[in-house]
Amino acid sequence: MEIDYIISILKPMLEGAKATVLLFLIAIVVSIPLGFLLTLAIRSTIKPIAWLASCYVYIMRGTPLLLQLLFICFGLPMIPGIGEYLVLDRFVAASLGFILNYAAYFAEIFRGGLLAIDKGQYEASQVLGLSKWQTTTRVVLPQMFRIALPAVANESVTLVKDTALLYAVAVPELLHFAQTAVNRDFTIMPFFIAGIIYLIMTLLLTALFKWLERRFKFE
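Residues numbered from 1 in each chain as written. Predicted model: local features only at pLDDT ≥ 70, side-chain atom pairs only at ≥ 80, totals over all residues. Heavy atoms only, no water.

- Naming follows an unreviewed UniProt entry, where the chain appears as Amino acid ABC transporter permease of Niallia circulans.
- As stated in UniProt under Sequence similarities (unreviewed entry), the record for the chain gives "Belongs to the binding-protein-dependent transport system permease family."
- Database annotation for the chain, UniProt heading Subcellular location (unreviewed entry): "Cell membrane". (UniProt positions renumbered as here; feature names shortened; annotations may be inferred.)

**Considerations on the UniProt feature "transmembrane region" (unreviewed entry) in the chain**
(1) Moving on: Taken from the UniProt record, the annotation "transmembrane region" (unreviewed entry) applies to residues 20-42, 49-79, 91-110 and 188-209.
(2) Moving on: Taken as a whole, residues 20-42 contains 100% helix and 0% strand, while its terminal C-alpha atoms sit 31 Å from one another.
(3) Moving on: The distance separating the terminal C-alpha atoms of residues 91-110 is 28 Å; by composition the span is 100% helix and 0% strand. (Helix = DSSP H or I, 4+ residues; strand = E, 2+ residues; numbered from the N terminus.)

**Looking at the packing of helix α5 (residues 119-127) against helix α6 (residues 132-162)**
(1) Moving on: Where α5 contacts α6, the two axes come as close as 11 Å, and the packing angle between them is 155°. With respect to α6, the axis of α5 lies roughly antiparallel. Considering only the axes of α5 and α6, their crossing is right-handed. Residue-level contacts link Q121, Y122 and S125 of α5 to T135, V139, V140 and Q143 of α6.
(2) Moving on: Among the residues forming the contact of α5 with α6, the class breakdown is 3 nonpolar, 4 polar and no charged. (Axes fitted to C-alpha atoms, helices over the stretch in contact; angles between N-to-C directions. Parallel < 35°, antiparallel > 145°, perpendicular 65-115°, else oblique. Left-handed = near helix turned anticlockwise from the far one by under 90°. Contact = heavy atoms within 4.5 Å. Nonpolar A, V, L, I, M, F, W, Y, C, P; charged D, E, K, R; others polar.)

**A few points about the packing of aromatic side chains**
(1) Moving on: Tallied over the entire structure, the rule returns 7 aromatic pairs.
(2) Moving on: Taking 6.3 Å as the distance between ring centres and 45° as the angle between the ring planes, the aromatic pair formed by Y102 and F106 counts as tilted. In this pair, Y102 and F106 are both assigned in helix α4 (residues 90-115), 4 residues apart and thus about one turn of the helix distant. As far as burial versus exposure is concerned, Y102 and F106 are alike and both buried. (Phe/Tyr/Trp six-rings, centres within 6.5 Å; stacked < 30°, edge-to-face > 60°. Buried < 20%, exposed > 50% of the residue type's maximum accessible area, 1.4 Å probe, protein only.)

**Structural notes on the environment of A124**
(1) Moving on: Mapping A124 onto the fold places it in helix α5.
(2) Moving on: Sequence spacing of A124 and T135 is 11 residues, and the spatial spacing of their C-alpha atoms is 9.5 Å.

**Examining the layout of surface pockets**
(1) Moving on: Size it by volume and the largest pocket reaches roughly 340 Å³.
(2) Moving on: Residue lining of the largest pocket: F36, L40, R43, L114, Y122, K132, W133, T135, T136, V140 and L141, and that is the complete set.
(3) Moving on: Counting only elements with at least two residues in the lining of the largest pocket, the list comes to α1 (2-42) and α6.
(4) Moving on: When residues in the lining of the largest pocket are grouped by element, the largest group, 6 residues, is from α6.
(5) Moving on: Taken together, the residues of the lining of the largest pocket break down into 7 nonpolar, 2 polar and 2 charged.
(6) Moving on: Approximately 150 Å³ is the volume found for the second largest pocket.
(7) Moving on: In terms of lining residues, the second largest pocket is bounded by I28, I32, F110, F145, A148, L149, V152, F209, L212 and F216. (1 Å grid on protein atoms, 1.4 Å probe; cavity = no way out; pocket = protein on both sides within 12 Å on 5 of 7 lines; lining within 4 Å. Points joined across faces, edges and corners; volume = space filled by probe spheres on them.)

What follows is the structure, given as structure tokens:
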């Protein structure tokens, strides 16, 4: 009987997990390049650009992700005059919130990776006659990504768990279906199953980044 019940609730929960995985993929694919661009903007010699990028990172890292999601989903449509043009599909709005938030965190990770590169690397590149572009693409960026990879891995695992915040903006995902089953059936079993699914996702993601770390280490 218990097995039959688990099978019966597993299908809708796996459907919810699809939304979780989709949000993670969208956020990670877009926020990492955006974070790198923010890093370049912060290091820009053009002061207004550097200042704006720094302020953006400070605001996004200094306010809760949940608040940002609520603002994008429910706050933007309430802006006088233009609110009616800012009504977004809930999943699209949530994806935008995750992208904007995690881009700020990845920007700080990449900035730390750049600061960790010894200045002697730049001097050695000049001695070898490498151009600024060659120094950046062949020397600086590979080392930066290698240094930043563990922090990126940790932030990516956090992103998987933060997808549960979709529940707060009424986007059907894994936790939504688990809570629905708990309320309907008066059992905590769905929460255990949801926890196992999250653990499997984070385990696979951790294994992937461990493989990437080994590959970069020996190349």
